[in-house]
Amino acid sequence: MHTIQRAHKIRLNPTPEQEQYFRQAAGNARFAWNWAVAILRQARKDQTTLPLVGDLKKEFNRIKRDQFPFVMQTTKCAPEQAFADLQHALANYWHDITKRKRGIRRKDGKRVGFPTFKSRKQGDRSFYLSNDKFTVDGPWIRIPKLGWVNMTEPLRFAGTIMSARVSERAGYWFVSIQVQLPAPERHAPERVLGVDVGVKALAVDSDGELFENQKHLAAALKQLRRLNRWLARRRKGGKNWSKAQRKLARLHLRIANLRADAIHKLTTHLAAKATVIALETLNVAGMLKNRTLARAIADAAFSEIVRQLRYKAQHVVHIDPFYPSSKTCNACGSINRDLALAERAWVCSACGARLDRDINAARNIRDEGMRLVGAERLTVPGSGYVGT
Ligand SMILES: [Zn+2]
């Protein structure tokens, strides 16, 4: 049976004691990570053979009772997952080096560094629970060595529970539960839909359908800009300043939620319209030079759209970022090179067709997608790498 994995992130209502446990479990995960990273970095400095993460984990488990008794007070999943995360981080690091040796770079232009220490201050306080270590019952989740914790809503999916991660953000605690579900049957029509992921609008498709950024998202973003301006004028560290910082963190959270909601609606709708969705691979590394664009791209959350389409749509086709989708006239195929990015509507200098920039781009993306599917070059890149 074909299955998919979905995650439901639920806010928790912990008691102060439970919150204390969460902080401690997250601290224990961080402790195990830092303990192993210290050994790895030392070995690297001494230019000796790096120990295997599996051996580090065995050693940690051997000595924890005597040397780190505090890790015994929370779930053993917390330090265990730290080793799994470390294994993963190292694999990414080696993978990046191998790719670079072959002259292949990441699309975002970033390098994957050697694993570093995690500080207490970092926003990412979290710990992991494997599926045999917790139970969900209605709006309650049972966590080892802690008991039942109240969730603000019950788990949305009825399927096989795979794992969970408890995390903190903006002073709230959340649990993200991974569930395996049978893949839904798809009835989308057999065709290619081109999608131009937008700067102003969230997206425009080749049918001419426009997906606006939600109004309350725009309002929240406006509020964010105002708050940031206010903060910039205040002296760092004051009481009002800290208060505003907390407000800022909650606003970021609210924006993330609104955006996730808008993107879920968009991707569900698109996946129902066509079996093949063609998208332009945004060259984010190249675009970040333009700050306005960079913010808009972040808002549109292109990578999240792609991630969701990968499990919602049958096929996702990526169009080369150098393909001139906005400058090619979809009516006659000629390329209007001197077109500025700001021009929403333009007239083709070759055939005189009046074109809406975004719809025209979406149609070109669709046609290029059709060509690629026809050429049987249908690929769903998963590695995040692009050849140079
Ligand atoms: Zn034309």
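Colleague: Would you take a moment to explain the overall build of the chain for this structure?
Modeller: Summing up its helical and strand segments, the chain has 9 helices and 16 strands in all. Scored against the burial criterion, the 388 residues of the chain give a buried share of 40%. Carbon and sulfur atoms make up 51% of the accessible area of the chain, which totals about 22000 Å².

Colleague: I tried to follow helix α9 (residues 357–374) on my own but got confused; where do I start?
Modeller: In an α-helix, one full turn covers 3.6 residues, which means residues spaced three or four apart are oriented alike. Its 18 residues place the ends of α9 26 Å apart at the C-alpha level, agreeing with the 26 Å of an ideal helix rising 1.5 Å per residue. Along α9, the positions that sit buried rather than exposed are Arg357, Asp358, Asn360, Ala361, Ala362, Asn364, Ile365, Glu368, Gly369 and Leu372. Buried residues along α9 sit in contact with β9 (192–197), β10 (203–205), β12 (276–280), β13 (315–319), β14 (345–347) and β15 (354–356).

Colleague: Got a minute to help me understand the coordination of the zinc ion in this structure?
Modeller: Note on metal geometry: ideal angles are 109.5 degrees for four donors arranged tetrahedrally and 90 or 180 degrees for six donors arranged octahedrally. Of the protein atoms, only Cys329 (SG), Cys332 (SG), Cys348 (SG) and Cys351 (SG) coordinate the zinc ion, at distances of 2.3 Å. Each of the 4 donor atoms bound to the zinc ion contributes to angles spanning 107 to 110°, and the resulting shape is tetrahedral. Residue classification places Cys329 among the buried residues on the basis of a relative accessible area of 1%.

Colleague: Help me understand the sheet that holds strand β7 (residues 160–169), please; the structure alone is not making it clear to me.
Modeller: Reading across the sheet, the 7 strands line up as β3-β7-β8-β1-β6-β5-β4 and stay open at both edges, with antiparallel pairing between neighbours. In this open sheet, the two edge strands, each paired with only one partner strand, are β3 (125–130) and β4 (135–137). Between one strand axis and the next, the sheet turns through 35° on average, direction left out of account. Here β3 pairs with β7 via 6 bridges, running antiparallel. Residue pairing in the sheet places Phe127 in a bridge with Val166 of β7.

Colleague: What am I meant to see in the layout of surface pockets here?
Modeller: Unfilled space is identified by rolling a water-sized probe across the atoms. Considered as a void within the structure, the largest pocket measures approximately 1000 Å³ in volume. In this structure, the largest pocket is lined by 29 residues; those nearest its centre are Lys9, Ala256, Asn257, Ala260 and His264. Put simply, the parts of the chain that give the lining of the largest pocket at least two residues each are β1 (3–13), β8 (172–182), α5 (239–273) and α8 (302–312). Considering each element in turn, the lining of the largest pocket owes the most residues, 10 residues, to α5. Of the residues contributing to the lining of the largest pocket, the split by class is 10 nonpolar, 7 polar and 12 charged. Each of domain 1 (3–182) and domain 2 (192–213 + 250–386) accounts for three or more of the residues forming the lining of the largest pocket.

Colleague: Would you mind going over the packing of aromatic side chains with me for this structure?
Modeller: The geometry of an aromatic ring pair is captured by the separation of the ring centres together with the interplanar angle, meaning the angle of the planes. Evaluated as defined, the whole model comprises 16 aromatic pairs. Here Phe22 and Phe127 contribute two aromatic rings whose centre-to-centre distance is 6.0 Å and whose plane-to-plane angle is 45°, an arrangement assigned as tilted. In this pair, Phe22 is assigned in helix α1 (residues 16–45) and Phe127 in strand β3, connecting sequence segments 105 residues apart. The pair formed by Phe22 and Phe127 is uniform in burial state, with each residue classed as buried. Look at Phe31 and Phe60: their rings are 6.4 Å apart centre to centre, the planes differ by 50°, and that puts the pair in the tilted class.

Colleague: Quick question: what am I supposed to make of the sheet that holds β12 here?
Modeller: In a beta sheet, neighbouring strands pair by backbone hydrogen bonds and run either parallel or antiparallel. Strand order in the open sheet made by the 5 strands is β11-β10-β9-β12-β13, with mixed pairing throughout. Of all the strands in the sheet, the pair left with one neighbour each is β11 (210–211) and β13. Note that β9 and β10 share 3 bridges and pair antiparallel. The residue of β10 that forms the bridge with Val195 is Asp205.

Colleague: Where do I start with the packing of α1 against helix α3 (residues 77–101) in this structure?
Modeller: The geometry of a pair of packed helices is captured by two quantities: the angle between their axes and the separation between those axes. One can describe the packing of α1 onto α3 by two numbers: an axis separation of 8 Å at closest approach and a directional angle of 40°. The angle between α1 and α3 falls in the class oblique. α3 is crossed by α1, and the crossing has right-handed handedness. The segment α1 lies against α3, with Ala25, Asn28, Ala29, Ala32, Trp33, Trp35, Ala36, Val37, Leu40 and Arg44 engaging Ala78, Pro79, Ala82, Phe83, Asp85, Leu86, Ala89, Leu90 and Tyr93. Class assignment for the residues of the contact of α1 with α3 results in 16 nonpolar, 1 polar and 2 charged.

Colleague: What is the right way to read the pattern of salt bridges from this model?
Modeller: One side chain can pair with another of opposite charge once the charged atoms of both are near each other. Here the structure, examined in full by the defined rule, presents 15 salt bridges. Arg23 is the partner of Glu19 in a salt bridge, and the nearest nitrogen-oxygen pair spans 3.5 Å. Of this pair, Glu19 and Arg23 both sit in helix α1, separated by 4 residues, roughly a single helical turn. One continuous salt-bridge network, built from bridges that share partners, spans Arg191, Asp205, Asp207, Glu209 and Lys273.

Colleague: Mind showing me how you'd approach the packing of α5 against α8 here?
Modeller: Direction vectors running N to C along α5 and α8 enclose 40°, while the axes themselves pass 9 Å from each other. Put simply, α5 runs oblique to α8. Viewed along their axes, α5 and α8 form a crossing whose handedness is right-handed. Note on element contacts: α8 touches α5 through Glu304, Ile305, Gln308, Leu309, Tyr311 and Lys312, opposite Ala260, Ile263, His264, Leu266, Thr267, Thr268, Leu270 and Ala271. Of the residues contributing to the contact of α5 with α8, the split by class is 8 nonpolar, 4 polar and 2 charged.

What counts and what doesn't
- As a convention, each chain's residues are numbered from 1 in the sequence order in which they are written.
- Two thresholds apply to this predicted model, a pLDDT of at least 70 for residue-level local features and 80 or more for giving and counting side-chain atom pairs, whereas whole-chain, interface and lining totals are computed over all residues.
- Water and hydrogen atoms were dropped before computing side-chain values, which therefore reflect all heavy atoms in the structure.
- Numbering of helices and strands runs from the N terminus; a helix is a DSSP stretch of H or I covering at least four residues, while a strand is a stretch of E covering at least two.
- Three labels apply to residues, based on accessible area from a 1.4 Å probe with only protein chains included: buried if under 20% of the type maximum, exposed if over 50%, partly exposed otherwise in between.
- Surface accessibility follows the Shrake-Rupley procedure with a 1.4 Å probe radius. Residue values consider only the protein chains on display as shielding.
- To estimate how far a helix should reach, multiply one less than its number of residues by 1.5 Å.
- Any two residues whose heavy atoms approach within 4.5 Å at even a single point are treated as in contact.
- Here a donor is an N, O or S atom found within 2.8 Å of the metal, or within 3.2 Å if the metal is Na, K or Ca; sites may look incomplete because water is not among the atoms.
- A site with four donors is called tetrahedral when every donor-metal-donor angle falls between 85 and 135 degrees; four donors are called square planar, and six octahedral, when opposite donors sit more than 155 degrees apart and all other angles fall between 65 and 115; any other arrangement is irregular.
- Strands qualify as paired when DSSP identifies two bridges or more between them.
- Axis definition: a line fitted to C-alpha atoms, limited for helices to the stretch in contact. Angles are taken between N-to-C directions and run from 0 to 180 degrees.
- Here the term cavity refers to a set of points on a 1 Å grid, laid over the protein atoms alone, in which a 1.4 Å probe fits but cannot get out; the term pocket refers to an open set having protein on both sides within 12 Å along at least five of seven lines, with lining residues being those that place an atom within 4 Å of a point.
- Grid points are joined across faces, edges and corners, and a volume is the space filled by probe spheres set on the points.
- Gly counts as polar in this scheme, as do all residues outside two lists: the nonpolar Ala, Val, Leu, Ile, Met, Phe, Trp, Tyr, Cys and Pro, and the charged Asp, Glu, Lys and Arg.
- Domain delimitation in this document rests on an assignment produced automatically or drawn from a domain database.
- Geometry of aromatic contacts follows a simple scheme: Phe, Tyr and Trp rings, the Trp one being its six-membered ring, pair when their centres are within 6.5 Å, and the pair is stacked under 30 degrees between planes, edge-to-face over 60, tilted otherwise.
- An angle counts as roughly parallel when it lies under 35 degrees, as roughly antiparallel when it exceeds 145, as roughly perpendicular when it falls between 65 and 115, and as oblique in every other case.
- If you view the pair so one helix is near and one far, a crossing is left-handed when the near helix is turned anticlockwise from the far one by less than a right angle, and right-handed when it is turned clockwise.
- Every case where a carboxyl oxygen of Asp or Glu lies within 4 Å of a side-chain nitrogen of Lys or Arg is listed as a salt bridge.

Take it as geometry only, folks, not as evidence of what the structure does.
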